[in-house]
Amino acid sequence: MSYVGLGHGVHVVIGGAFPKCNTLVVVSGDVVVIDPGCPIESLRALLKTLNLELRDIDTVVLSHIHPDHITHAVRLNRVSGCRIAANEVTAPLFDDKEKMKEFLGFTPGQSVRHLWEQLVNDQMYGALDEGRVDEVLHNGDKIALDDITLRTFYTKGHLPDHMCLEIMEPAYLFAADIDCTDFGPFYGHPNSSIVQLKDSIKSVKERSYNQYISGHLRNPLVQDYRQALDRYLQHFDRRDELVMKAVAAGAKSVNEILEHPIIYPSLAGPVMLQFERWMIEHHVESLIRQGKLVESNGHIFLATS
Ligand SMILES: [Zn+2]
């Protein structure tokens, strides 16, 4: 099945793992689509069961700027004339795709920028199309529909612009990339932050929801999300330990750690290796901050206590 109904006019269209994502569709007077990164045929198929079409979409909301989450936004706007809503950090990036590339670390001249653009155009076609955000949202802003209110919930760290969407009345959370996958949290850009992402995961855990909807699990409803988030948090420590092991085994730089990739052990090309590099850099920085590693003359060592 390519979609799941959660009652209250809330539906999830299954996109699953990167380079797709799960898309939330809320029908309550207006038709709102959150993160249109699922296969477009699946979105069309769900809408058909509701006697709706793509052109009936009123609003697209974006949780953050990642291409797998914004893929069809411009196309849906072209088809339906829908407004596009995004938060104050995402909006200028969506409006200017060069700014988006730089935000993600792919500045002009960056070594894999071109390959990343190719990956996006091959697998997330449309994500780099020029478009415009019509409504700029802020933390805690509400979008009121007939029987449903959506509320933004900023959850930085994965990227500085990441937010979750709360569906208030049934108390559901669309958690976007706090996705509780077995892969674990992703923070593979220069401006991602382990500290902020841990805080965001903890703040999600403190809130009470009747349904927790993952942006990437094929079975999108997370059972017992507090336990799932605890397991999700453990990935940070596990990866820290692997970095420590690599340094203990003689690696003296991020380059040397990358000889045996930790995040993507079965490495799928230079773009993934770049994500791996940025994530390992965040771990090294975090371990230095924790006093477990020291840096000297451009080399990293285990701290001796
Ligand atoms: Zn993302």
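Analysis parameters
- Residues numbered from 1 in each chain as written.
- Predicted model: local features only at pLDDT ≥ 70, side-chain atom pairs only at ≥ 80, totals over all residues.
- Heavy atoms only, no water.
- Donors = N, O, S within 2.8 Å, 3.2 Å for Na, K, Ca; no water.
- Tetrahedral: all angles 85-135°; square planar, octahedral: opposite > 155°, others 65-115°.
- Core = buried A, V, L, I, M, F, W, Y, C linked by side-chain atoms within 4.5 Å.
- Buried < 20%, exposed > 50% of the residue type's maximum accessible area, 1.4 Å probe, protein only.
- Helix = DSSP H or I, 4+ residues; strand = E, 2+ residues; numbered from the N terminus.
- Domains from an automatic or database assignment.
- Contact = heavy atoms within 4.5 Å.
- Buried area = accessible area lost by both parts, 1.4 Å probe.
- Salt bridge = Lys/Arg side-chain N within 4 Å of Asp/Glu carboxyl O.
- Polar contact = N/O pair within 3.5 Å; in protein donor to acceptor, adjacent residues only side chain to side chain.
- Nonpolar A, V, L, I, M, F, W, Y, C, P; charged D, E, K, R; others polar.

## Things to note about the coordination of the zinc ion
Note on the zinc ion: its protein donors are His64 (NE2), His66 (ND1), His158 (NE2) and Asp177 (OD). The metal-donor distances range over 1.9 to 2.1 Å. One can describe the site at the zinc ion as irregular: its four donor atoms subtend angles covering 91 to 158° at the metal.

## Here's the deal with the nonpolar core
One finds Ile57, Ile178, Tyr212 and Ile257 to be the most contacted residues of the largest nonpolar core, which totals 79 residues. Residue contributions to this core peak at nine residues, all from helix α8 (residues 225-248). Taken together, domain 1 (3-223) and domain 2 (236-302) each give at least three residues to this core, which thus spans both. Contacts of Ile257, omitting those with residues within four sequence positions, involve Val243, Ala246, Val247, Ala251, Ile262, Ile280, Val284 and Ile300.

## Structural notes on unusual backbone geometry
Cis geometry marks the peptide bond from Phe18 to Pro19, where omega comes out at 10°. Phi is positive for Asp35, which is not a glycine, with a value near 60°. Residue placement: Asp35 occurs in the loop between β4 (30-34) and α1 (40-49). Exposure remark for Asp35: the relative accessible area of 0% places this residue in the buried category. Phi is positive for Cys180, close to 55°, though the residue is something other than glycine.

## Focus on the domain arrangement of the chain
How big an interface is tends to be stated in terms of accessible area lost as the parts join. One can read the domain layout of the chain as domain 1 (3-223) and domain 2 (236-302). Of note, the centres of domain 1 and domain 2, computed from C-alpha atoms alone, are 29 Å apart. Contacts between the two partners involve 24 residues from domain 1, matched on the other side by 15 residues from domain 2. Buried area between domain 1 and domain 2, summed over both chains or domains, comes out near 1700 Å², and the portion from carbon and sulfur atoms is 72%. For the pair domain 1 and domain 2, the interface holds zero salt bridges. At the boundary of domain 1 and domain 2, one finds seven residue pairs in polar contact (both at pLDDT 80 or more). Broken down by secondary-structure element, the contributors of at least two residues to the side of domain 1 that touches domain 2 are α6 (113-123) and α7 (194-206). Looking at the side of domain 1 that touches domain 2, the element that brings in the most residues is α7, giving five residues. Residue classes in the side of domain 1 that touches domain 2 are distributed as 16 nonpolar, seven polar and one charged.

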